[in-house]
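# Analysis of the macromolecular model
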Amino acid sequence: MNTLKSSQIKDILKEGRSIKTDHLIVLFRKNNLGKPRFAFIISKKFSKKAVDRNRTKRIIKEALRLYGEALKNIGYDIVLIPKREILGKKTSDLLADVKLIETKLEKDAEKITD
C-alpha cells in the first residue's frame with residue numbers, strides 16, 4: 001500500500017472530491033500512476049487514546065486489503081478520515097463502505113475517460 005506525502009495530502013484536502021459513507025469520509029483525486037496511494041487522517045479529536053486511533057487504522061487497512069480488489073487497479077490518491085462511529089467495529093462492518101468507495105471511483109474513472 002503506497003502512502004502520500006504531506007504536501008500531496010494538503011492538495012487533496014483543497015482540491016479533491018469527497019464521498020461520505022457510514023464510517024468514513026473519503027477525499028480523492030486522480031493520479032497518473034495507475035495504482036492508488038492512500039493516507040489516513042486520524043487526529044486526537046477522533047480519540048484521545050492512541051490505541052483507538054491505531055486500531056482504527058489497522059481495521060481500515062485490512063478492509064481495503066480484503067474487500068478492495070477493484071481499488072488496486074484504479075489510479076487515485078485517496079485520503080481516508082474515519083468517523084467516530086467506526087470505534088468498536090470490525091473489519092467486516094466496513095464491507096459496505098469499501099464497496100461504495102469502489103463503485104463511486106469506478107464511475108468517476110468512467111466519466112474522465114469518456
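Higher on the page you've got the structure.
My aim in this report is to walk through the structure given alongside it, one point at a time. On a predicted model such as this, the values are computed, not experimentally measured, just so you know. (Residues numbered from 1 in each chain as written. Predicted model: local features only at pLDDT ≥ 70, side-chain atom pairs only at ≥ 80, totals over all residues. Heavy atoms only, no water.)

### Some words on the overall build of the chain
- Across its full length, the chain carries three helices and five strands.
- Taken from the N to the C terminus, the helices and strands of the chain come in the order β-α-β-β-β-α-β-α.
- The C-alpha extent of the chain, read off along each of the three principal axes, is 45 × 30 × 20 Å.
- In the chain, 80% of the contacts between residues at least 6 apart in sequence involve partners at least 24 apart.
- The average position of the 28 basic charges and that of the 15 acidic charges among the side chains of the chain differ by 8 Å. (Helix = DSSP H or I, 4+ residues; strand = E, 2+ residues; numbered from the N terminus. Contact = heavy atoms within 4.5 Å. Lys, Arg positive; Asp, Glu negative; His and termini not counted. Charge placed at Lys NZ, Arg CZ, Asp CG, Glu CD.)

### So, helix α2 (residues 50-67)
- With 18 residues, α2 extends 26 Å from end C-alpha to end C-alpha; this agrees with the ideal 26 Å at 1.5 Å per step.
- Those residues of α2 that sit buried are Arg53, Thr56, Ile59, Ile60, Ala63 and Leu64. The buried side chains of α2 occupy one side of the element, clustering within an arc of 130° when seen end-on. Of the exposed residues in α2, those oriented more than 90 degrees away from the buried face are Val51 and Arg58. (Expected span 1.5 Å × (residues − 1). Buried < 20%, exposed > 50% of the residue type's maximum accessible area, 1.4 Å probe, protein only. Arc of directions from axis to C-beta.)

### Things to note about the pairing of strand β5 (residues 76-82)
- In terms of burial, β5 is largely enclosed, as six of its seven residues are buried.
- Here strand β3 (residues 24-30) pairs with β5 via seven bridges, running antiparallel. Among the inter-strand pairings, Val26 is bridged to a residue of β5, identified as Leu80.
- Handedness of the crossover joining strand β4 (residues 37-40) and β5 through α2 is recorded here as left-handed. (Pairing = 2+ DSSP bridges. Right-handed = clockwise from strand over helix to strand, strands pointing away.)

### Remarks on the nonpolar core
- Counting 22 residues, the largest nonpolar core has Ile78, Leu80 and Leu105 as its most contacted members.
- Within the residue set of this core, elements represented by two or more residues are β3, α2, β5 and α3 (95-113).
- Once residues lying within four places of it in the same chain are set aside, the contact partners of Leu80 are Leu24, Ile25, Val26, Phe38, Ala39, Phe40, Ile41, Ile60, Leu64 and Ile101. (Core = buried A, V, L, I, M, F, W, Y, C linked by side-chain atoms within 4.5 Å.)

### Considerations on a positive patch on the surface
- Together, Lys44, Lys45, Lys48 and Arg84 make up a region of like positive charge exposed at the surface.
- By the secondary structure assignment, Lys44 is in the loop between β4 and α2. (Patch = residues over 30% accessible without salt bridge, like charges linked within 9 Å, V, L, I, M, F, W, Y side chains within 5 Å. Areas by Shrake-Rupley, 256 points an atom, 1.4 Å probe, with all protein chains shown as cover. Salt bridge = Lys/Arg side-chain N within 4 Å of Asp/Glu carboxyl O.)

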